[in-house]
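Each chain, written out:
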Amino acid sequence: MKLVVGHLFPDYLNIYADRGNIAVLARRAAWRGHELEVRPLGAGGALSQGEHDLFYIGGGQDREQELIAPALAALGDGLRASVAKGAALLAVCGGYQLLGRSYRDQSGEELPGVGLLPLHTVAGERRMIGDVLLECELEPGRRRTLAGFENHAGRTYLDEGAEPLGRVLAGFGNDGASGYEGCRVGRAIGTYLHGPLLPRNSWLADWLLAQAIAHRTGEAPALEPLEDDLEAEAHEVSAARARSRGGRY
Ligand code: GLN
């Protein structure tokens, strides 16, 4: 099967080589006999309904966010409609912030968001930096850990009743106080974790691939397991670093 990925503003939002997440998705898809076609989506781009099975947006600093925020918000209707119709999405750090309603940056400027995720973000004084470990339950009864790295000044506040991506076991998470990280709306996920995220969390890469396939077929398949020894080791190293950092603050 050919899966189409819409990569939003790849030239602006690619901090910490977040683009590596796409390489992981492409490889893991190919190992299962699927092809991933990545189409960049930028300013003035048009979204035709049903075209994209998955969207991806990486991280960036305030400067890059400021440059692209209005053009990204202009794609908002199309993005919200696509996700409502079952497209999957992964948004990382700066991209995560901009998929909420708004981001008030360090200089006090209020950047418009896409309004796809039920949250808003306000930049604080102190940056929240370091390894993070989360516990997620994307499928009922199936708890898994997610390891990554965070570096953000933004504090993200989820709306009442919004679903976080996971519970913080170590690190700061959304705002350094709630004990939660990221946000999930159906097949869409936003997170502060990068570094990049998917090479050390292969289960999440497969979850996203299965959701992208479900957009096409109506059902998330059980993907054939891969030999993930190196990936598991990378996860463990990262998780151990986060654990040694200790509690949340
Ligand atoms: N500019 C944002 C912040 O610092 C996002 C940074 C990032 O993507 N690493 O909060």
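Up top is the structure these notes are about.
Please read all numbers here as calculations on a predicted model, not as lab measurements. (Residues numbered from 1 in each chain as written. Predicted model: local features only at pLDDT ≥ 70, side-chain atom pairs only at ≥ 80, totals over all residues. Heavy atoms only, no water.)

(A) Main features of the layout of surface pockets. The volume enclosed by the largest pocket comes to roughly 310 Å³. Taken together, 17 residues form the lining of the largest pocket, with Arg142, Arg144, Trp203, Asp206 and Trp207 sitting closest to its centre. Secondary structure elements with two or more residues in the lining of the largest pocket: β8 (142-158) and α5 (202-217). Looking at the lining of the largest pocket element by element, the count peaks at six residues for α5. (1 Å grid on protein atoms, 1.4 Å probe; cavity = no way out; pocket = protein on both sides within 12 Å on 5 of 7 lines; lining within 4 Å. Points joined across faces, edges and corners; volume = space filled by probe spheres on them. Helix = DSSP H or I, 4+ residues; strand = E, 2+ residues; numbered from the N terminus.)

(B) Quick look at the sheet that holds strand β3 (residues 54-57). Strand order in the open sheet formed by six strands is β2-β1-β3-β4-β12-β11, and the pairing between neighbours is mixed. Each edge of the open sheet carries a strand with a single partner, namely β2 (35-41) and β11 (183-185). Here the strands of the sheet are splayed against their neighbours by 15° on average, with no regard to which way each runs. As defined by bridge partners, strand β4 (residues 88-92) adjoins strand β12 (residues 188-191) across four bridges and the pair is classed as parallel. (Pairing = 2+ DSSP bridges. Axes fitted to C-alpha atoms, helices over the stretch in contact; angles between N-to-C directions.)

(C) View of the pattern of salt bridges. As enumerated under the stated definition, the model contains 19 salt bridges in all. A salt bridge links Asp159 to Arg101; the nearest nitrogen and oxygen atoms lie 2.8 Å apart. With a gap of 58 residues between them, Asp159 in the loop between β8 and β9 (166-170) and Arg101 in the loop between α4 (94-99) and β5 (102-104) connect regions that are remote in the sequence. Since its relative accessible area comes to 27%, Asp159 is described here as partly exposed. Take Arg101: its relative accessible area is 41%, and that puts it in the partly exposed class. A salt bridge links Glu163 to Arg184, with the nearest nitrogen and oxygen atoms 3.5 Å apart. (Salt bridge = Lys/Arg side-chain N within 4 Å of Asp/Glu carboxyl O. Buried < 20%, exposed > 50% of the residue type's maximum accessible area, 1.4 Å probe, protein only.)

(D) Quick look at the nonpolar core. Grouped together as the largest cluster of nonpolar side chains are 62 residues, with contacts concentrated most on Leu8, Leu72, Leu79, Leu146, Leu198 and Leu204. The element contributing the most residues to this core is α5, with nine residues. Excluding residues within four positions of it along the chain, Leu146 makes contact with Val132, Leu133, Leu134, Cys136, Leu165, Leu193, Leu197, Asn201, Trp203, Leu204 and His235. Ala147, Ala170, Ala239 and Ala242 belong to the second-largest nonpolar core, a separate cluster that totals five residues. (Core = buried A, V, L, I, M, F, W, Y, C linked by side-chain atoms within 4.5 Å. Contact = heavy atoms within 4.5 Å.)

(E) Quick peek at the pairing of β9. Where strand β7 (residues 119-139) lies against β9, three bridges are found, and the strand directions are antiparallel. Within β9, the position partnered with Leu134 by the bridge is Val168. Relative to strand β10 (residues 180-181), β9 is paired through two bridges, and the arrangement is antiparallel. Looking at β10, one finds that Arg167 is bridged to Tyr180.

(F) Layout of the pairing of β7. Note that β5 and β7 share two bridges and pair parallel. Bridge pairing in β7 links Tyr103 to Thr121. Here β7 runs beside β8; their pairing, made up of 15 bridges, is antiparallel. Looking at β8, one finds that Gly130 is bridged to Glu150. Counting the residues between successive antiparallel strands, the hairpin from β7 to β8 contains two residues, one of them, Gly141, with a positive phi of roughly 80°.

(G) Here's a closer look at empty space enclosed by the protein. Under the definition given, this model contains two cavities of 30 Å³ or more. In this model, the largest cavity occupies a volume close to 110 Å³. Lining the largest cavity are 16 residues; nearest its centre among them are Gly60, Gln61, Cys93, Arg127 and Asn151. Secondary-structure elements contributing two or more residues to the lining of the largest cavity are α2 (62-74), α4 and β8. A breakdown of the residues in the lining of the largest cavity according to their chemical character gives five nonpolar, nine polar and two charged. In this model, the second largest cavity occupies a volume close to 40 Å³. Forming the boundary of the second largest cavity are Leu3, Val4, Val5, Leu25, Leu36, Asp53, Leu54, Leu209 and Ala212. Sorting the residues of the lining of the second largest cavity by element identifies β1 (2-8) and α5 as the ones contributing at least two each. Of the residues assigned to the lining of the second largest cavity, the class counts are eight nonpolar, no polar and one charged. (Nonpolar A, V, L, I, M, F, W, Y, C, P; charged D, E, K, R; others polar.)

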